[in-house]
Amino acid sequence: MADHLDTVFAALADPTRRAILSMLLEDDMAVTDVAEPFEMSLAAISKHLTILSRAGLISQEKRGRVKWCKLEPDALRQASVWMQGFGQFEPVNLDAFERFLEVELRDQEG
């Protein structure tokens with residue numbers, strides 16, 4: 001489990017990946033739609049998506065000729081359970097986490 005948590009926390013450490021997770025809170029998105037708000041290449045976005053997929057934070061599925069991304073919140077729940085073991089952290093409230101990610105995204109854009 002420690003290796004998995006390392007992967008999750010490493011994926012969450014990057015602001016671009018947190019912004020992507022925030023976008024996916026709304027709905028599944030095509031990779032090209034995920035890439036649109038970022039000023040980076042599609043290849044760079046694909047690398048971020050691969051890291052998020054390996055962490056279990058998103059899944060990717062090909063539908064026809066389009067690759068879609070979907071948020072997978074169970075990885076966040078596992079991290080929350082781990083943090084609760086220290087007794088100083090409250091369970092992760094996914095609604096609050098969504099609000100946090102929205103603020104982070106707005107701060108990056110502003």
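This text follows the structure it describes.
A quick note: this is a predicted structure, and the numbers were derived from the prediction, not measured. Think of each chain on its own: its residues are numbered from 1, step by step along the sequence as written. With the structure being a predicted model, the display of local features is reserved for residues of pLDDT at least 70 and the display and counting of side-chain atom pairs for 80 or more, all residues being used for whole-chain, interface and lining totals. Remark: hydrogens and water are excluded; side-chain values derive from all non-hydrogen atoms of the structure.

J.: It is not clear to me how the nonpolar core should be interpreted in this structure. Could you clarify?
T.: For soluble globular proteins, the rule of thumb is that nonpolar side chains tend to be buried together. Throughout, nonpolar core names a set of buried Ala, Val, Leu, Ile, Met, Phe, Trp, Tyr and Cys residues whose side chains join them through atoms within 4.5 Å. To sort residues, take the accessible area from a 1.4 Å probe on protein chains only and compare it with the maximum for the residue type: under 20% means buried, over 50% means exposed, and anything in between is partly exposed. Within the largest apolar cluster, 28 residues are counted, with the highest numbers of intra-cluster contacts made by Leu21, Leu24, Val34, Leu49, Leu52 and Leu57. Within the residue set of this core, elements represented by two or more residues are helix H1 (2–12), helix H2 (15–26), helix H3 (31–35), helix H4 (42–54), strand S3 (66–71), helix H5 (74–84) and helix H6 (94–109). The way it works is that DSSP assigns letters per residue, a run of H or I at least four long becomes a helix, a run of E at least two long becomes a strand, and they are numbered from the N terminus. With five residues, the top contributor of residues to this core is H2. When near neighbours in sequence (up to four residues on either side) are disregarded, leucine 57 contacts Val8, Ala11, Leu12, Leu21, Leu52, Lys70, Leu71, Glu72, Ala75 and Leu76. Here a residue-residue contact requires only that any non-hydrogen atoms of the pair lie within 4.5 Å.

J.: Teacher, can you tell me more about the sheet that holds strand S1 (residues 29–30) here?
T.: Pairing between the strands of a sheet is mediated by backbone hydrogen bonds and can be parallel or antiparallel. The three strands lie next to each other as S1-S3-S2, forming an open sheet whose pairing is antiparallel. Each edge of the sheet is formed by a strand with only one pairing partner; in this case those strands are S1 and strand S2 (58–63). Strand pairing is defined by DSSP finding a minimum of two bridges between the two strands. The pairing of S2 with S3 spans six bridges and is classified as antiparallel. Bridging across to S3, glutamate 61 finds its partner in tryptophan 68. Every axis corresponds to a line fitted to the C-alpha atoms, with the helix fit spanning only the stretch in contact, and the corresponding angles, defined between N-to-C directions, vary from 0 to 180 degrees. Each of S1, S2 and S3 is contacted by H2, which is oriented at about 90 degrees to S3, the strand it contacts most. This element, H4, spans S2 and S3 of the sheet and lies at about 115 degrees to S2.

J.: Would you explain a nonpolar patch on the surface in this entry?
T.: Among the surface-exposed residues, Phe9, Trp82 and Phe86 lie close enough to one another that they form a single nonpolar patch of about 300 Å² accessible area. Within the secondary structure, tryptophan 82 sits in helix H5. Taking relative accessible area as the criterion, tryptophan 82 reaches 38% and is therefore assigned partly exposed. Patch definition: residues above 30% relative accessible area lacking any salt bridge, with like charges linked at up to 9 Å and the nonpolar side chains Val, Leu, Ile, Met, Phe, Trp and Tyr linked at up to 5 Å. Here, Shrake-Rupley sampling with a 1.4 Å probe gives the accessible areas, and only protein chains in the shown set may cover a residue. Whenever a carboxyl oxygen of Asp or Glu lies within 4 Å of a side-chain nitrogen of Lys or Arg, that contact is scored as a salt bridge.

J.: I keep staring at H2 and nothing clicks. Help me out?
T.: Since one α-helical turn is 3.6 residues long, residues separated by three or four positions face the same way. Buried residues dominate H2, accounting for nine of its twelve residues. Of the positions making up H2, those classed as buried are Thr16, Arg17, Arg18, Ala19, Ile20, Leu21, Ser22, Met23 and Leu24. Side-chain atoms alone can form a polar contact between residues adjacent in sequence; in general such a contact is a pair of N or O atoms within 3.5 Å, and within protein one must be able to donate a hydrogen while the other accepts it. Where H2 begins, the side chain of aspartate 14 points an oxygen toward the backbone nitrogen of threonine 16, at a separation of 2.8 Å.

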